[in-house]
Amino acid sequence: MLVLARKVGQSIVINDNVEVLVIEVRGDQVRLGIEAPRTIPVHRKELLEQIRAQNVNAAGDSNPEVVAKALNDLAFD
Amino acid sequence: MKAETSRFGAIEVEESSIIKMPRGPIGFEQYTSFVLVEHRPDTDFSWLQSTEESSLAFVVVDPSKFYADYEVEVSDADAEKLNLKSASDASVLVVVTVSSGEEITANLAAPVVINMKEMLGMQVILQDNRYPIKHPLVAIVEKCATKTEEITAKAA
């Protein structure tokens, strides 16, 4: 991993089309401004991890009868 | 073609009904070919079944069935991967989780968007943080139950 020290107002440039700017540092929180082409997805890592975990749960097939019953019983208007 | 599935046995799959995912569902990125299998005709649920891995399937549902105001904004990056030019070509499904306590939730934060014209699909992550990963569907069941009771009471 590349480690760089930056001050508020300074930024790093990745691949000459992504810029990450340090906007503010307050306690243990850092606010970043990210400038990237709209075709580059930017997400908080923990969100990705939560979605991954939820998908793993959703795909679980340890209890097919419970799932089938729950779905059969659930009707929308 | 035939696809082996752990839940439905061997199923016959029309080539034209295969949904190709340029990137598989999050956490399952290596699986890129799926097909929709109806759960039961009298329910609103379907299964997004992998044609590559027999045991991999997700319960999915059309979110408009329970969330009228749900809005999906597909990013330019995702629209490009899906070759999606018009919103009218897109079909949106959300992944449903049934946990052991029979609690049913829908993932509104990361819907599956399918370009029906080209049968290209992808699980996208919405930038809109108003939508939870675990949106409970149980409340709707209760509402339905209450309504049924009301109707029954009226009938009586």
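Here is a short report on the structure shown in this document. The shown structure was predicted, so the numbers you read here are calculated from the model rather than taken from an experiment.

This part is about the nonpolar core. Counting residues in each nonpolar core, the largest one holds 43 residues, and the members touching the most others are F58(B), V59(B), V60(B), V94(B) and V96(B). Those elements giving two or more residues to this core turn out to be α1 (45–59) and α2 (64–73) of chain A together with β4 (33–38), β5 (45–50), β6 (57–61), β7 (90–98) and β8 (104–115) of chain B. Per-element accounting of this core gives the leading share, eight residues, to β8(B). Once residues lying within four places of it in the same chain are set aside, the contact partners of V96(B) are A58(A), F45(B), V59(B), V60(B), V61(B), I104(B) and A106(B).

Here we take up the interface of chain A and chain B. Counting residues at the interface gives 28 residues for chain A, matched by 40 residues for chain B. For the side of chain A that touches chain B, the elements supplying multiple residues, two or more each, are α1 and α2 of chain A. In terms of residues, the side of chain A that touches chain B owes the most to one element, α1(A), which gives 11 residues. In terms of residue class, the side of chain A that touches chain B is made up of 16 nonpolar, eight polar and four charged.

Now for the pairing of β8(B). Residue and element names in this part refer to chain B. Across the 12 residues that make up β8, a large majority, 12, are buried. Between β7 and the antiparallel strand that follows it, β8, lie five residues; E102 among them carries a positive phi value of about 65°. Here two bridges tie β8 to strand β10 (residues 135–136), and the two strands are oriented antiparallel to one another. The residue bridging A106 from the neighbouring strand is H135, located in β10.

What follows covers the pairing of strand β1 (residues 2–5) of chain B. All names here are of chain B. A one-sided burial pattern is seen for β1, the buried positions being A3 and T5 and the unburied ones K2 and E4. With four bridges connecting them, β1 and strand β2 (residues 9–12) associate as antiparallel partners. Within β2, the residue paired with T5 across the bridge is G9. Between β1 and β2, which pair antiparallel and follow one another directly, the connecting turn spans three residues.

What follows is about unusual backbone geometry. Residues and elements named next belong to chain B. Located in the positive-phi region is N83, a residue other than glycine, with phi close to 55°. Within the fold, N83 resides in the loop between α1 (76–81) and β7. Phi is positive for M119, close to 55°, though the residue is something other than glycine. Turning to its location among the elements, M119 is positioned in the loop between β8 and β9 (120–123).

A few words now on α1(A). Residues and elements named next belong to chain A. The end-to-end C-alpha distance of α1, which contains 15 residues, comes to 21 Å, matching closely the 21 Å that a straight helix rising 1.5 Å per residue would cover. What α1 keeps buried is the set I51, Q54, N55, A58 and A59. When α1 is viewed along its axis, its buried side chains cluster within an angular range of 130° and face the same direction. Opposite the buried face of α1, at more than 90 degrees from it, the exposed residues are K45, E46 and E49.

Thresholds applied
- Residues numbered from 1 in each chain as written.
- Chains lettered and ligands numbered in written order.
- Predicted model: local features only at pLDDT ≥ 70, side-chain atom pairs only at ≥ 80, totals over all residues.
- Core = buried A, V, L, I, M, F, W, Y, C linked by C-beta atoms within 7 Å.
- Buried ≥ 20, exposed ≤ 12 C-beta atoms within 10 Å, placed from the backbone.
- Helix = DSSP H or I, 4+ residues; strand = E, 2+ residues; numbered from the N terminus.
- Contact = placed C-beta atoms within 7 Å.
- Nonpolar A, V, L, I, M, F, W, Y, C, P; charged D, E, K, R; others polar.
- Pairing = 2+ DSSP bridges.
- Expected span 1.5 Å × (residues − 1).
- Arc of directions from axis to C-beta.

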